[in-house]
Amino acid sequence: MAKAVASCSFSMCTQSDASRIPYFGCHFATLRRNLYSDIPKVNKLTYSKRKAITRGPSSNGETREEKKLVQRSKGERRHSIPDGVRRETGKTKSTAFKSPGVQRKDKKGFGYDIKEPQVGDSGNLQDAAFLNAVVKVYCTHTAPDYSLPWQKQRQYTSTGSAFMIGDGKLLTNAHCVEHYTQVKVKRRGDDTKFMAKVLARGVECDIALLSVESEEFWKGAEPLRFGRLPRLQDAVTVVGYPFGGDTISVTKGVVSRIEVTSYALGSSDLLGIQIDAAINPGNSGGPAFNDEGECIGVAFQVYRSEEAENIGYVIPTTVVSHFLEDYERNGKYTGFPCLGVLLQKLENPALRACLKVQSNEGVLVRRVEPTSDANNVLKEGDVIVSFNDVHVGSEGTVPFRSTERIAFRYLISQKFAGDVAELGIIRKGTFMKVQTVLNPRVHLVPYHIDGGQPSYLIIAGLVFTPLSEPLIAEECEDTIGLKLLVKARYSLAKFKGEQIVILSQVLANEVNIGYEDMSNQQVLKFNGTPIKNIRHLAYLVDSCKDKYLVFEFEDNFLAVLEREAATVATPCILKGYGIPSERSSDLLEPYLDSSECDQETNRAIGDSPVSNLELGFDGLLWA
C-alpha cells in the first residue's frame, strides 16, 4: 500500500531513517489509518512535524533526535516516513474574495491592490523588488508534554519564510510559530535578525500574523500586493528560504488544480491551490507569485507519495483575506464557521424519490451536532437544496466561477463566526426556508489546546487531564485503549465545554495503594455526580465534605480515597515527584457552570457514530 503524507515545509534537520509519527490536526487520525493496514483508508493528506528533530550545533550537518523529557516509560511505535518528509502539518476551508480590479485597504493598512504589476519581465526575477519583501523566520519552539502536563518538552528550533503585507505586519504559516518561545526574522541581504511578535495564529487556515517593532527593519521595505485567484495553468513562482541554503530560493511551476483541500495542521477543509512548483522544507510561509509579481497565496504543504510527485499546496488569497478581516473585526482570530451537520449525497434516483425531491439536487441531513445552532432548525431527514439562494447539487457541490463546481463547504467557509445563513430545505416533500447562525465547531476531543498548556488536576497522586488529540498521539494508541479511542473518534459534544476527563496515571504512594497500574481511563462520576469537564471535577473535589472521595470509571470500576488522608498526602507526593502545583493555573479560577446540559455524560459508545473529521466514504461529508 502506498504511503502518502502532506508535509508542511518549515525547515528542520531530519533523519532519513524511520521516525515516530507525530501528531497533527484532525487528519493525523487520517494518517494513522493510512499506515495501519487493518483500518479503512481515508484522506491521505497530513502534515508531519514537531517532535524533535533539530539542527545540531555541529557544522558538518549531522542531525540528532531531540529527546523528550519523560519520567516514565511509554510504548512507542515507529513507522517509516517517505524520504524528504519534514516534520509539520496543514488543513482547510475557503473564503470570500473581493472581485478583481478593486483595491481594498482595511483600517489597519493591510493592502490588497491587484493593479499595477510589480515586475514587467517575468523571466528576470533577480532584481525584482517584491523579492525583498520575503524574509526568513527563525523560531524557537517549546511544546507542552501532554503526558506530564505540569512541564514542557525540550525546546527545538526551526526556520521558515514570511513576507511583508504593510503596516508593520508579516504573514507566515501557523505551524512555523507553533508553541513559539522566540521568533526572529531576517531580511534578504541583511545579516541582522529582528525580534518579531506573534499577533494571531489561525490553526484551521495555517496562517499567522507577525509584527516587528524595529523601524530599522522596515527601512526601504515595500509590502506585497495580493492578486486575484489564479486560473488553471497560470504560471506561479514560489519564493522562500528552504532547507539546503541560507539565501532566497525561487521555484517555478503552474497552477494544477483549485478546490476545497484538507489542511493538515487544522481541522477544517478550505480552498487550496495545487501547484507543481517545488515546495521544500523551509518554504512554509513564503509567498507564491503570478507573472505580474502579485502574491496569489502562501506556500504551506506538499503531498508525498510513491504514486505521485510535484504536488504542492498554496493557501489562496481568499483564505488569507478571511483571516485578516477576522483579525480586523475582532482583534483576534476567531476561526472559520461550520454548519454542524453530517450530509449524504443524493445521487441515487430512488433515494431522491423516497425523500420527495423532484429534481437532481440537494444533500440529505443525516445528523445535526447538538452544539450547533442548526440543531434548532434542522432535523434528520431534511434535504438541503440551497444555501443563501445558491443551489446545492446532489453530489454536494455548488457553482464555482464560470464553468466549475466546488464542494458545498466552500460557501460556508466564506462566512464569519456569527453570520446568519438562509437554507432552503425540503422536509417531507415540503419546501421551506430556515435561518441558522454559523459558528466554529465545538470538538469533544480538541485537536489543539488553547493557551498551549494542558489542564491537569492531581488528587493524592491521581493525575486527571482532558483527553486531546495531542495526548493520544503522545501516548500512542495502544496505551490509550480501543474504547477511549472510539469515543474520541466517533462521539459528539452534547454541550459547549464538555470534555472527556481521564485518569492519565497514578503517582504511587501509600495512600493510593491498589490503583498504581491505572492509566488512561475515563472518569465518569465523582461521588455520584456526572463529570462535565475537568473544571467541574476540580469544583466537585474542592467542595466535597464527605468522608470519602469516590471516583467512578468505565464498567463501574471504583477508586476510593479517604478525603482527609488524600489532603495530607497530596503535598508530599508533589514534593517527591518534583511537581510545582497540584493543578494547572486555569483551574485556580472560580468555577462557573456555563453548560446547559444536565444529562449524564456516560453514554453508549455507539450513541454518536460520527467522526470528528470527514469520513472516508464519499457519500458522507461534514459541512
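Predicted model, so just to flag it, every value in this text is computed and none were measured.

### Looking at the overall build of the chain
Here's step 1: Of regular secondary structure, the chain possesses 9 helices and 34 strands.
Here's step 2: Counting contacts in the chain only where the partners sit at least 6 residues apart, residues at least 24 apart contribute 70% of the total.

### Focus on the environment of Val239
Here's step 1: Looking at the element boundaries, Val239 is found in strand β13 (residues 235-240).
Here's step 2: By relative accessible area, which is 0% here, Val239 ends up buried.
Here's step 3: With 40 residues separating them along the chain, Val239 and Ile279 place their C-alpha atoms 9.1 Å apart.
Here's step 4: Excluding anything up to four places from it in sequence, Val239 contacts Leu131, Val134, Ile248, Ser249, Val250, Asn283, Gly286, Pro287 and Phe289.

### Some remarks on the packing of aromatic side chains
Here's step 1: Taken as a whole, this structure holds 13 aromatic pairs when the rule is applied.
Here's step 2: With 4.9 Å between their ring centres and 25 degrees between their planes, Tyr539 and Tyr591 make a pair best called stacked. One end of the pair, Tyr539, is in helix α8 (residues 534-542); the other, Tyr591, is in the loop between α9 (563-577) and β34 (620-622), with 52 residues separating them in the sequence.
Here's step 3: Through successive ring pairs, a cluster of aromatic residues spans Phe194, Phe217 and Trp218.
Here's step 4: Directly above the ring of Tyr138 sits Lys193, whose terminal nitrogen or CZ lies 3.9 Å from the centroid.
Here's step 5: Here the basic side chain of Arg329 rests over the ring of Phe416, its NZ or CZ set 4.0 Å away from the ring centre.

### Things to note about a nonpolar patch on the surface
Here's step 1: A cluster of nonpolar side chains, contributed by Tyr548, Leu558 and Val560, occupies part of the molecular surface with about 250 Å² of accessible area.
Here's step 2: Along the chain, Val560 turns up in strand β33 (residues 558-562).
Here's step 3: For Val560, a relative accessible area of 33% gives the class partly exposed.

### Quick word on the nonpolar core
Here's step 1: Counting 91 residues, the largest nonpolar core has Leu171, Ile384 and Phe408 as the members making the most contacts within it.
Here's step 2: Ranked by residue count, the leading element in this core is strand β17 (residues 295-304), at 7 residues.
Here's step 3: Beyond its immediate chain neighbours, meaning those up to four positions away, Leu171 contacts Ser161, Ala162, Phe163, Ile165, Ile207, Ala208, Leu209, Phe226, Gly285, Val320, Phe323 and Leu324.
Here's step 4: With 26 residues, the next largest nonpolar core counts Ile459, Ala460, Tyr515 and Ile531 among its residues.

### Let's talk about the confidence of the model for the chain
Here's step 1: Across the chain, the average pLDDT comes to 79, with 75% of residues at or above 70.
Here's step 2: A low-confidence stretch, residues 12-109 stays under pLDDT 50, and its non-local contacts, those more than four residues away or across chains, total 328 contacts.
Here's step 3: pLDDT under 50 marks residues 111-123. Its contacts with residues more than four places away, or in other chains, come to 42 contacts.

### Here's the deal with the side chain of Ser468
Here's step 1: Structurally, the position occupied by Ser468 is in the loop between β28 (462-466) and α5 (469-475).
Here's step 2: What makes Ser468 buried here is its relative accessible area of 4%.
Here's step 3: Residue contacts for Ser468: discarding those within four places in its chain leaves Tyr146, Val445, Pro446 and Ile449.

### Observations regarding the pattern of salt bridges
Here's step 1: In this structure the tally under the stated criterion is 15 salt bridges.
Here's step 2: Note that Asp382 is salt-bridged to Arg427, the shortest N-O span being 2.8 Å. Residue Asp382 is found in the loop between β20 (363-368) and β21 (383-387), and its partner Arg427 is found in strand β25 (residues 420-427); the two are separated by 45 residues along the sequence.
Here's step 3: A salt bridge links Lys433 to Asp389, with the shortest nitrogen-to-oxygen separation between them at 2.8 Å.

### Quick look at the sheet that holds strand β7 (residues 156-166)
Here's step 1: Within the open sheet, the 7 strands sit side by side as β10-β9-β6-β7-β8-β12-β11. Their pairing is antiparallel. In this open sheet, the two edge strands, each paired with only one partner strand, are β10 (193-195) and β11 (197-202). Taken pair by pair, the neighbouring strands of this sheet meet at an average axis angle of 35 degrees, ignoring direction.
Here's step 2: With 3 bridges connecting them, β7 and strand β8 (residues 169-172) associate as antiparallel partners. Looking at the pairing, Phe163 lines up with Leu171 of β8.
Here's step 3: Packed onto the sheet, helix α2 (residues 317-330) meets β7, β8, β11 and β12 (207-211) and runs at close to 55 degrees relative to β12.

### Quick look at the pairing of strand β6 (residues 134-141)
Here's step 1: Of all 8 residues in β6, 8 are buried; the element is thus mostly enclosed.
Here's step 2: Sheet topology note: the β6/β7 ladder contains 8 bridges and is antiparallel. Note that in β7 the partner of His141 across the bridge is Tyr156.
Here's step 3: One ladder, built from 6 bridges, connects β6 with strand β9 (residues 180-186); its direction is antiparallel. Paired with Tyr138 across the strands is Lys184, a residue of β9.

### Quick notes on α9
Here's step 1: Between its first and last C-alpha atoms α9 spans 21 Å; for 15 residues at 1.5 Å apiece the expected length is 21 Å, and the two agree.
Here's step 2: Along α9, the largest kink reaches about 30 degrees and is centred on Ala569; proline Pro571 follows within four residues of it.
Here's step 3: Where α9 is concerned, the buried positions are Ala566, Ala569, Thr570, Ile573 and Leu574.
Here's step 4: Those residues of α9 hidden inside the fold are in contact with β27 (457-459), β32 (548-553) and β33.

### Topic: the pairing of strand β14 (residues 249-262)
Here's step 1: When β13 meets β14, the two strands line up antiparallel, connected through 6 bridges. Within β14, the position partnered with Val238 by the bridge is Thr251.
Here's step 2: The pairing of β14 with strand β15 (residues 269-275) spans 7 bridges and is antiparallel. Its bridge partner lying in β15, Thr261 is registered against Leu270.
Here's step 3: Between β14 and the antiparallel strand that follows it, β15, lie 6 residues.

Rules used in this analysis
- Residues numbered from 1 in each chain as written.
- Predicted model: local features only at pLDDT ≥ 70, side-chain atom pairs only at ≥ 80, totals over all residues.
- Heavy atoms only, no water.
- Helix = DSSP H or I, 4+ residues; strand = E, 2+ residues; numbered from the N terminus.
- Contact = heavy atoms within 4.5 Å.
- Buried < 20%, exposed > 50% of the residue type's maximum accessible area, 1.4 Å probe, protein only.
- Phe/Tyr/Trp six-rings, centres within 6.5 Å; stacked < 30°, edge-to-face > 60°.
- Lys NZ or Arg CZ within 6 Å of the ring centre and 35° of its normal.
- Patch = residues over 30% accessible without salt bridge, like charges linked within 9 Å, V, L, I, M, F, W, Y side chains within 5 Å.
- Areas by Shrake-Rupley, 256 points an atom, 1.4 Å probe, with all protein chains shown as cover.
- Salt bridge = Lys/Arg side-chain N within 4 Å of Asp/Glu carboxyl O.
- Core = buried A, V, L, I, M, F, W, Y, C linked by side-chain atoms within 4.5 Å.
- pLDDT = per-residue confidence, 0-100.
- Pairing = 2+ DSSP bridges.
- Axes fitted to C-alpha atoms, helices over the stretch in contact; angles between N-to-C directions.
- Expected span 1.5 Å × (residues − 1).
- Bend = angle between axes of the 7 residues up to and from the residue.

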